[in-house]
Amino acid sequence: MGAFLLAVARATGDGGYAEQADAAARTLAAVAEVEDGAAHWPTADTGRRYKTHWCSGSSGVGTFLLRYGQTSGEQRYLDLAAQAAEAVSRARRHASPAQCHGLAGDGDFLLDLAEATGEDRYREAAGGLVACIHHRHALRDGRRLAPDETGTAVVADYATGLSGVLAFHLRLRHGGPRLWQPALLTGHSPVAAH
């Protein structure tokens with residue numbers, strides 16, 4: 001929601017949306033749980049204390065806080081995004097290949113950080129996720145394919161299947177914007193972090 005509010009504020013110039021995006025960022029900063037350099041956010045899922053992916057965890061929260069920090073210039077949000085990246089990196093062994101709640105989405109977040117900070121360590125960490133995706137491959141008609149989020153099927157879906165994994169691989173190899181993100185949809189590119 002914060003990313004949407006930030007995108008609307010940037011696209012329309014409406015200060016009310018900017019205030020709501022600010023409130024979202026402040027709320028997320030206030031409830032962040034940082035342990036040994038890794039930032040997590042509590043989840044209502046009683047089965048897991050923390051989630052680390054784009055749709056519900058450190059990768060998604062970090063994506064918003066990175067963009068908000070770039071827009072606001074407030075270092076604390078950029079620091080939390082970097083700590084979210086640490087949480088993502090640590091969870092790589094337990095994640096599916098998927099874009100929405102898996103390694104491909106986490107990798108795109110790490111590439112966002114690499115672009116924003118100019119730090120190669122995030123790009124290298126994203127490259128490490130490719131190896132994790134490869135280790136989860138399935139063989140179908142002699143082809144190595146990334147399975148869906150369940151690990152039991154191969155589907156073409158962007159969020160949970162091959163398309164999202166391929167988009168991440170292509171971006172890692174050739175660069176370019178992250179797909180389906182507000183900056184891409186509004187025509188506004190993030191301001192580089194200092």
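Predicted model, so just to flag it, every value in this text is computed and none were measured.

Asks: Please explain the packing of helix α2 (residues 15–31) against helix α4 (residues 75–90) as it appears in this structure.
Replies: The description of two helices packed together rests on the angle between their axes and the distance between the axes. Contact pair α2 / α4: the axes reach a minimum separation of 11 Å and the direction vectors enclose 55°. If you check the angle between α2 and α4, you find them oblique. For α2 against α4, the interelement crossing comes out left-handed. In this structure, α2 uses Ala25, Arg26 and Ala29 to contact α4, whose residues at the interface are Arg76, Tyr77 and Leu80. Per-class residue counts for the contact of α2 with α4 are four nonpolar, no polar and two charged.

Asks: I keep staring at the packing of aromatic side chains and nothing clicks. Help me out?
Replies: What describes a pair of aromatic rings is the distance from one ring centre to the other and the angle between the planes of the rings. In this structure the tally under the stated criterion is three aromatic pairs. Relative to Tyr68, the ring of Phe64 lies with its centre 6.0 Å away and its plane at 45°, an arrangement referred to as tilted. Residue Phe64 and its partner Tyr68 are both found in helix α3 (residues 58–72); the two are separated by four residues, about one turn of the helix. Each member of the pair, Phe64 as well as Tyr68, is classed as buried. Centre to centre, the rings of Tyr68 and Tyr77 are 5.2 Å apart; their planes meet at 90°, and the pair counts as edge-to-face. Tyr68 sits in the buried class, given a relative accessible area of 7%. Three or more aromatic residues joined by ring pairs make a cluster, and in this case those are Phe64, Tyr68 and Tyr77.

Asks: Got a minute to help me understand the layout of surface pockets in this structure?
Replies: Think of a ball as big as a water molecule: rolled over the atoms, this probe shows where empty space is left. Of the pockets and cavities examined, the largest pocket occupies roughly 560 Å³. What lines the largest pocket is a set of 23 residues, and nearest its centre among them are Met1, Leu28, Trp54, Gly60 and Val61. Of all the secondary structure elements, the ones that give two or more residues to the lining of the largest pocket are α1 (2–12), α2 and α3. Taken together, the residues that form the lining of the largest pocket break down as 14 nonpolar, eight polar and one charged.

Asks: In this structure, what is going on with α4? I would like to understand it.
Replies: Residues that lie three or four places apart on an α-helix share one face, since the helix turns once every 3.6 residues. Helix length check: α4 (16 residues) gives 23 Å between terminal C-alpha atoms against 22 Å at 1.5 Å per residue, within 8%. Tucked inside the fold, the buried residues of α4 contact α2, β1 (33–35), β2 (38–40), α3, α5 (103–117) and α6 (120–135).

Asks: Can you help me understand the pattern of salt bridges in this one?
Replies: Pairing is possible between side chains of opposite charge, provided their charged atoms come close. For the coordinates displayed, the defined rule picks out ten salt bridges. Across the salt bridge formed by Asp112 and Arg67, the nearest N and O atoms sit 3.3 Å from each other. Of this pair, Asp112 sits in helix α5 while Arg67 is found in helix α3, placing the two residues 45 residues apart along the sequence. Taken as a pair, Asp112 and Arg67 share a single burial class, namely buried. In this structure, Arg171 and Glu115 form a salt bridge, with 3.2 Å as the shortest nitrogen-oxygen distance. Residue Arg171 is located in helix α7 (residues 162–174), and its partner Glu115 is located in helix α5; the two are separated by 56 residues in the primary sequence. Given a relative accessible area of 5%, Arg171 falls into the buried group. Among the residues examined, Glu115 registers a relative accessible area of 52% and is labelled exposed. What emerges from the salt-bridge pattern is a single network uniting Arg67, Asp108, Asp112, Glu115, Arg171 and Arg178.

About the thresholds
Residues numbered from 1 in each chain as written. Predicted model: local features only at pLDDT ≥ 70, side-chain atom pairs only at ≥ 80, totals over all residues. Heavy atoms only, no water. Axes fitted to C-alpha atoms, helices over the stretch in contact; angles between N-to-C directions. Helix = DSSP H or I, 4+ residues; strand = E, 2+ residues; numbered from the N terminus. Parallel < 35°, antiparallel > 145°, perpendicular 65-115°, else oblique. Left-handed = near helix turned anticlockwise from the far one by under 90°. Contact = heavy atoms within 4.5 Å. Nonpolar A, V, L, I, M, F, W, Y, C, P; charged D, E, K, R; others polar. Phe/Tyr/Trp six-rings, centres within 6.5 Å; stacked < 30°, edge-to-face > 60°. Buried < 20%, exposed > 50% of the residue type's maximum accessible area, 1.4 Å probe, protein only. 1 Å grid on protein atoms, 1.4 Å probe; cavity = no way out; pocket = protein on both sides within 12 Å on 5 of 7 lines; lining within 4 Å. Points joined across faces, edges and corners; volume = space filled by probe spheres on them. Expected span 1.5 Å × (residues − 1). Salt bridge = Lys/Arg side-chain N within 4 Å of Asp/Glu carboxyl O.

On their own, these measurements won't tell you what the molecule is for.
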